[in-house]
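Now for the letters of each chain:
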Amino acid sequence: MSELQDVVVDISSGEQDVADGEKSTPGSGGLARGRKVVFGVVAGAALMAVGGLLATTLVKSPAQVAAETGPPAQGALTAEVERRVLAQKVVMRGTVVADQSVDVAPQPRSAEGAGTPVVTKLPLKAGDPVAAGQLLAEVSGRPVFALRGTLPVYRDLKPGATGDDVAQLQQALRELGHGTGGDAKGVFGAGTKAALAARYKAIGYDPLPAVADGAEVLKVARESVRSAEWALEDAQAGAGGGSGGGAAPGPSASQGPKGATGATGATGAADGGKGAGGAGDSGRSLTRARQALADARAKLAAAEAADGPMLPASETVFLGAFPARVSTVGGRIGGPVSGAVLTLSAGELVVEAYLKEDKKQLLRAGMSVVVSSEVAGTDAHGKVATVAGERSTGRPSAGGQPNGQQGGTQGDASQGKGGAGGADLGYRMVIRADQPLPAAFAGQDVRLTIESAATDGEALVVPVTAVSASPDGQTLVTAVSTDGTQRRIPVRTGTSGDGYVAVTPVKNGDLAAGARVVIGIAPREPAKGRGESPKPGPGRTPGRAAGLPETETGAEAETERGTGSGADGSGSGSGSGSGSADDAGVTA
């Protein structure tokens, strides 16, 4: 201490010397050393203070650690009662397809000596538009073209044919500018033959004749008519001569030779008798000649009616709407025809989905739908158009109408009821958009959010976990007042969705928006070790809300756990309320 005092004295004396302007002395070095000592002492004290503060923040007593890591104080978990519109939703996946899809699988009848049908021309590629009357493909040199119509082709249409398919052909030809003349609706007559021939000429082909040797048949029929006409002329001439002989004297009577005996009169009488008999034969011949001519003319008319162009089933495809699109191209030039050469899609784009039994009970035609395309990042709104009443088997159809084959043997190709051994797809549902879906949606797997139920205006809404059931069957919610007291309120439940349920208090005024209801209870006792959950006590069921003995939680009382059935693992619930597997209400 005395040394420190000496240092201070030296410093003071040094400062006085400087103030007096005196020159430096050997004591000046002691002054500098004293200053360094003071600074060192101050710095050390500051470091010790900082170190103490750090120690107090990092070093904790066991009691403090236990207090900080222990469970929170017990208390009720609550949620606010809301007043809003609540909708129950079904969320599932669907596929955007065309309203009609047709496989073009031409199977032309092979002529004698012809080989296997081969694709000889494919002017279209996938994605190309298709117009009415356009050439689709060429198989073994014969065309396949498209016409408008909803009735699939199932037979060759030939002159003289009648029916709805003939009427459809007539209408399609008229739309392309080929008039059918005076033909009656549904009758393949001369006007329809001319229109069909004009359509073939427009695409650069000659139509096939309805009768293979029609020219020869017509030639024979015309010759028969000519022969019958000549026979009738001969019969008429013969009949005219026979009647004249009976009335006028024969050549012997009028011009008998001079010196004729008296037998001349007898001879004339005999000739007159023969004339009378000839008149009868001539009459029969005339009648028969006339009948033969009528028969020959009828045969000619029939031959002319049957002659002309035909429309083979293998050379046309009927589509319900245009422009259509080429979905896929399955054939190749030079390759044999095996299966579909082309697949065409026509009509508006729709969404197709298949429902399991539980979803079918929830959905019906007319329900609102939001179609979400994750690829395009856009939504479209629509409505459920149809929900099938029978289960579908086989493979999903490629369009709103069952996928079928045209331009060849008509096939069933997945008609919703499928053949034996097909996979059970469920109930087919079709959704139509309020506005036409963008072409970019075609073929996409989209998300469907269907509003299957909604409250009639705003309603009181609570989380489903706030609802419980008492042993006597009452449905309850537990309201918590501002002072922490709890009160059970009987309610009636309604629509549920998105993890919430609409409730109506049995007694008006018991529950209002803004009130808080119990949705769970914090743990009663701390965990025995880190990561260990408390075990339920005797008589308690895991998940049962504390403070509500002998009751079930809302999820147990009002809903059944959903069972995943969709491609995205979503589930569905049934019962008086509905739970949510993906926070979207009832899901598929």
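Up top is the structure.
Residues numbered from 1 in each chain as written. Predicted model: local features only at pLDDT ≥ 70, side-chain atom pairs only at ≥ 80, totals over all residues. Heavy atoms only, no water.

Remarks on the overall build of the protein chain
Line of reasoning, step 1. Check the secondary structure of the protein chain and you find 10 helices and 22 strands.
Line of reasoning, step 2. A sequence separation of at least 24 residues applies to 71% of the contacts in the protein chain between residues at least 6 apart.
Line of reasoning, step 3. Summing over all exposed atoms, the protein chain offers an accessible surface of approximately 32,000 Å²; the carbon and sulfur share of this is 55%. (Helix = DSSP H or I, 4+ residues; strand = E, 2+ residues; numbered from the N terminus. Contact = heavy atoms within 4.5 Å. Areas by Shrake-Rupley, 256 points an atom, 1.4 Å probe, with all protein chains shown as cover.)

Some remarks on unusual backbone geometry
Line of reasoning, step 1. With an omega dihedral of 0°, the bond running from Phe322 to Pro323 counts as a cis peptide bond.
Line of reasoning, step 2. Structurally, Pro323 can be placed in the loop between strand S8 (316-319) and strand S9 (324-329).
Line of reasoning, step 3. Its identity is not glycine, yet Ser140 carries a phi of approximately 55°, on the positive side.
Line of reasoning, step 4. Structurally, the position occupied by Ser140 is in the loop between strand S6 (135-139) and strand S7 (142-148).

Side note on the packing of aromatic side chains
Line of reasoning, step 1. In the structure shown here, the tally under the stated rule is one aromatic pair.
Line of reasoning, step 2. The ring centre of Tyr500 lies 4.8 Å from the NZ or CZ of Arg84, which sits over that ring.
Line of reasoning, step 3. Sitting over the ring of Tyr427, Lys360 keeps its end group 5.1 Å from the ring centre. (Phe/Tyr/Trp six-rings, centres within 6.5 Å; stacked < 30°, edge-to-face > 60°. Lys NZ or Arg CZ within 6 Å of the ring centre and 35° of its normal.)

A few points about helix H4 (residues 164-175)
In an α-helix, one turn spans 3.6 residues, which is why side chains three or four residues apart end up on the same side.
Line of reasoning, step 1. The end-to-end C-alpha distance of H4 is 17 Å, a good match for the 16 Å that 12 residues give at a rise of 1.5 Å each.
Line of reasoning, step 2. Buried residues of H4: Asp165, Val166, Ala167, Gln168, Leu169, Gln170, Ala172 and Leu173, and no others.
Line of reasoning, step 3. Those residues of H4 that are buried are in contact with S7, helix H5 (190-202) and S8.
Line of reasoning, step 4. Of the residues trailing H4, Gly177 is marked for its positive phi of about 95°. (Expected span 1.5 Å × (residues − 1). Buried < 20%, exposed > 50% of the residue type's maximum accessible area, 1.4 Å probe, protein only.)

A look at the pattern of salt bridges
Where side chains of opposite charge bring their charged atoms close, a pairing between them can arise.
Line of reasoning, step 1. This structure, assessed with the given rule, holds 15 salt bridges.
Line of reasoning, step 2. The shortest N-O distance in the salt bridge between Arg148 and Glu175 comes to 3.1 Å. Of this pair, Arg148 sits in strand S7 while Glu175 sits in helix H4, and the two are 27 residues apart along the sequence.
Line of reasoning, step 3. For Arg391, the salt bridge identified is with Glu357, shortest N-O distance 3.5 Å. (Salt bridge = Lys/Arg side-chain N within 4 Å of Asp/Glu carboxyl O.)

A closer look at the nonpolar core
Line of reasoning, step 1. Among the nonpolar cores identified, the biggest contains 22 residues, and Met92, Met429, Leu448 and Ile450 are the most heavily contacted of them.
Line of reasoning, step 2. Elements that contribute at least two residues to this core include exactly strand S3 (87-104), strand S10 (342-355), strand S11 (368-373), strand S12 (378-393), strand S14 (424-433) and strand S15 (445-454).
Line of reasoning, step 3. Discounting residues that sit within four places of it in the chain, Met429 has contacts with Met92, Val351, Glu352, Ala353, Leu355, Leu363, Val384, Thr386, Val387 and Ile450.
Line of reasoning, step 4. Grouped together as the second largest cluster of nonpolar side chains are 21 residues, Leu136, Val317, Phe322 and Ala324 included. (Core = buried A, V, L, I, M, F, W, Y, C linked by side-chain atoms within 4.5 Å.)

Details of a nonpolar patch on the surface
Line of reasoning, step 1. The grouping of Val38, Phe39 and Val42 at the surface amounts to a nonpolar patch, some 310 Å² of accessible area in total.
Line of reasoning, step 2. Its location among the elements puts Phe39 in helix H2 (residues 28-58). (Patch = residues over 30% accessible without salt bridge, like charges linked within 9 Å, V, L, I, M, F, W, Y side chains within 5 Å.)

With respect to the pairing of S7
Line of reasoning, step 1. Among the seven residues that make up S7, six are buried, leaving the element largely enclosed by the rest of the structure.
Line of reasoning, step 2. Where S6 and S7 come together, four bridges link them in antiparallel fashion. Bridging across to S7, Val139 finds its partner in Arg142.
Line of reasoning, step 3. Where S6 folds back onto S7 in an antiparallel hairpin, the turn is made up of two residues, including Ser140, whose phi is positive at roughly 55°.
Line of reasoning, step 4. Examined bridge by bridge, S7 and S8 share four bridges and lie parallel to one another. For Leu147, the partnering residue across the bridge sits in S8 and is Phe318. (Pairing = 2+ DSSP bridges.)

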